[in-house]
Amino acid sequence: MLKDAFFDVYTKFKLHFYQEIFQRFQSREASLTTVETFCMETIQALGNPTVNEFATFMRISPPNAAYKVNNLIKKGYIRKVQSPDDRREYHLEITQKYVDYYNISISYMVEVMNRIAQRFPPADCAKLEEMLNIVSQELMPEVELPERHSAD
């Protein structure tokens, strides 16, 4: 069944990430809590949002968002950068420390995508890409992401 196959792939991506995180932090406490990890993934996906944009997206109060952001700043995972257009506005920017943490997850996705490209003919890969784009753009209207430029 398609549902089961998709669930298995999604679960394997999550579990691989958890394995890598636990392996790296076996001898010391992890520096991001689960909620902080969710916050960081959201900030990265939103592409340098303001605190209010982050709060709105997460459906939390601005003071709650500011508290979470300040903790992430103290830990060195994000910084506030003043907007060149509106000097009163600050955007959240991820730091290299988070990029290194995030790469634990993304490197496995890249590895799997490379395996897909090697295993399947280009036409099948193009069809998979088309289907994933439709799922993202049309079938998941509840979650809007900013447009992203392709890295390949």
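Residues numbered from 1 in each chain as written. Predicted model: local features only at pLDDT ≥ 70, side-chain atom pairs only at ≥ 80, totals over all residues. Heavy atoms only, no water.

A. The overall build of the protein, seen in detail. Along the backbone of the protein there are six helices and two strands. Its helices and strands taken in sequence order, the protein reads α-α-α-α-β-β-α-α from the N to the C terminus. The dimensions of the protein, computed from C-alpha atoms along their principal axes, are 50 × 40 × 30 Å. In the protein, which comprises 152 residues, the proportion classed as buried is 23%. (Helix = DSSP H or I, 4+ residues; strand = E, 2+ residues; numbered from the N terminus. Buried < 20%, exposed > 50% of the residue type's maximum accessible area, 1.4 Å probe, protein only.)

B. Local environment of the packing of aromatic side chains. Per the stated rule, a full pass over the model turns up two aromatic pairs. Here Tyr-77 and Tyr-98 contribute two aromatic rings whose centre-to-centre distance is 6.4 Å and whose plane-to-plane angle is 80°, an arrangement assigned as edge-to-face. Of this pair, Tyr-77 sits in the loop between α4 (62-74) and β1 (78-82) while Tyr-98 sits in helix α5 (residues 96-119); the two residues are 21 residues apart in sequence, bridging distant segments of the chain. Using a relative accessible area of 2% as the deciding quantity, one classes Tyr-77 as buried. The class for Tyr-98 is buried, based on a relative accessible area of 1%. In this structure, Arg-119 packs its charged tip against the face of Phe-120, placed 5.0 Å from the ring centre. (Phe/Tyr/Trp six-rings, centres within 6.5 Å; stacked < 30°, edge-to-face > 60°. Lys NZ or Arg CZ within 6 Å of the ring centre and 35° of its normal.)

C. Structural context of helix α3 (residues 51-58). Within α3, the full set of buried residues consists of Val-51, Phe-54 and Ala-55. For α3, the angular spread of buried residues about the axis comes to 100°, placing them on one side. Each element contacted by the buried residues of α3 is listed here: α2 (34-46), α4, β1 and β2 (90-94). Of the residues one or two after α3, Arg-59 is the one with positive phi, at around 60°. (Arc of directions from axis to C-beta. Contact = heavy atoms within 4.5 Å.)

D. Focus on the packing of α2 against α4. The geometry of α2 relative to α4 is characterised by a closest axis approach of 11 Å and an angle of 95° between their N-to-C directions. By the angle class used here, α2 and α4 are roughly perpendicular. The residues of α4 that touch α2, namely those facing Val-35, Glu-36, Cys-39, Met-40 and Ile-43, are Lys-68, Asn-71 and Leu-72. Of the residues contributing to the contact of α2 with α4, the split by class is five nonpolar, one polar and two charged. (Axes fitted to C-alpha atoms, helices over the stretch in contact; angles between N-to-C directions. Parallel < 35°, antiparallel > 145°, perpendicular 65-115°, else oblique. Nonpolar A, V, L, I, M, F, W, Y, C, P; charged D, E, K, R; others polar.)

E. View of the environment of Asp-100. Mapped onto the secondary structure, Asp-100 falls in helix α5. Among the polar contacts made by the side chain of Asp-100, one reaches the side chain of Gln-96 at a distance of 2.8 Å. (Polar contact = N/O pair within 3.5 Å; in protein donor to acceptor, adjacent residues only side chain to side chain.)

F. Focus on the pattern of salt bridges. The final tally for this structure, using the stated rule, is five salt bridges. A salt bridge links Asp-86 to Arg-88; its shortest N-O distance comes to 3.0 Å. Accessibility expressed as a relative area gives 24% for Asp-86, which makes it partly exposed. Residue Arg-88 is classed as exposed on the basis of its relative accessible area, which comes to 74%. The shortest N-O distance in the salt bridge between Lys-127 and Glu-130 comes to 3.6 Å. Linking Lys-127 with Glu-130, this pair stays in helix α6 (residues 122-138), spanning three residues, or about one helical turn. (Salt bridge = Lys/Arg side-chain N within 4 Å of Asp/Glu carboxyl O.)

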